[in-house]
Amino acid sequence: TAMAKTVGLPVAMAAIGILNNKITTPGVLRPINKEVYEPILKELEEYGITFHEKEREYLGYNPDNLF
């Protein structure tokens, strides 16, 4: 499922990175460290998971016109 691929795969990749000494920063980390997220994002591309960022103007909360 999408949830398994977008949550489970990155966690598994991070665990393998730690075990193989590719991620060496000690402690509990948020995934904002380039050592953590760059190799994981590259590997996720091999599974067809890519991320595209878009910036949009915030128009405020309007439940009648979401999209």
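Residues numbered from 1 in each chain as written. Predicted model: local features only at pLDDT ≥ 70, side-chain atom pairs only at ≥ 80, totals over all residues. Heavy atoms only, no water.

Chemist: How should I be thinking about helix 2 (residues 34–46) in this particular structure?
Modeler: Working note: α-helix, 3.6 residues per turn, so residues spaced by three or four point in the same direction. When the terminal C-alpha atoms of helix 2 are compared, their 19 Å separation across 13 residues agrees well with the 18 Å that a helix rising 1.5 Å per residue should span. For helix 2, the complete set of buried residues consists of V36, I40 and L44. Viewed along the axis of helix 2, the buried residues span an arc of 40°, placing them on a single side of the element. Facing away from the buried side of helix 2 by more than 90 degrees, the exposed set consists of K42, E45 and E46. Buried residues along helix 2 sit against helix 1 (2–19). One or two residues past the end of helix 2 sits G48, with phi positive at roughly 80°. (Helix = DSSP H or I, 4+ residues; strand = E, 2+ residues; numbered from the N terminus. Expected span 1.5 Å × (residues − 1). Buried < 20%, exposed > 50% of the residue type's maximum accessible area, 1.4 Å probe, protein only. Arc of directions from axis to C-beta. Contact = heavy atoms within 4.5 Å.)

Chemist: What am I meant to see in helix 1 here?
Modeler: Taking 1.5 Å of rise per residue, the 18 residues of helix 1 would be expected to cover 26 Å, and the 26 Å separating its terminal C-alpha atoms lies within 8% of that figure. A bend of about 30° at G8 is the largest found in helix 1, and the proline P10 appears one to four places after it. Where the residues of helix 1 are buried, they touch helix 2. Two residues or fewer past helix 1, N21 is found with a positive phi of approximately 60°. (Bend = angle between axes of the 7 residues up to and from the residue.)

Chemist: Honestly, a nonpolar patch on the surface in this entry has me stumped. Any pointers?
Modeler: A cluster of nonpolar residues, M3, V7 and V11, forms a patch on the protein surface that exposes about 300 Å² of accessible area. Considering the arrangement of structural elements, one finds M3 in helix 1. (Patch = residues over 30% accessible without salt bridge, like charges linked within 9 Å, V, L, I, M, F, W, Y side chains within 5 Å. Areas by Shrake-Rupley, 256 points an atom, 1.4 Å probe, with all protein chains shown as cover. Salt bridge = Lys/Arg side-chain N within 4 Å of Asp/Glu carboxyl O.)

Chemist: Just to check I follow, could you spell out the layout of surface pockets for this structure?
Modeler: Picture a little ball the size of a water molecule; that probe, rolled over the atoms, points out where space is still empty. When its volume is computed, the second largest pocket comes out at roughly 240 Å³. For the lining of the second largest pocket, the elements supplying multiple residues, two or more each, are helix 1 and helix 2. Its residues assigned to classes, the lining of the second largest pocket shows 11 nonpolar, 1 polar and 1 charged. (1 Å grid on protein atoms, 1.4 Å probe; cavity = no way out; pocket = protein on both sides within 12 Å on 5 of 7 lines; lining within 4 Å. Points joined across faces, edges and corners; volume = space filled by probe spheres on them. Nonpolar A, V, L, I, M, F, W, Y, C, P; charged D, E, K, R; others polar.)

Chemist: Teacher, can you tell me more about the nonpolar core here?
Modeler: Looking at soluble globular proteins, one finds that nonpolar side chains tend to be buried together. With 7 residues, the main nonpolar core is built from M13, A14, I23, V36, I40, L44 and I49. Broken down by secondary-structure element, the contributors of at least two residues to this core are helix 1 and helix 2. The element best represented in this core is helix 2, accounting for 3 residues. Once residues lying within four places of it in the same chain are set aside, the contact partners of M13 are I40, E43, L44 and Y47. (Core = buried A, V, L, I, M, F, W, Y, C linked by side-chain atoms within 4.5 Å.)

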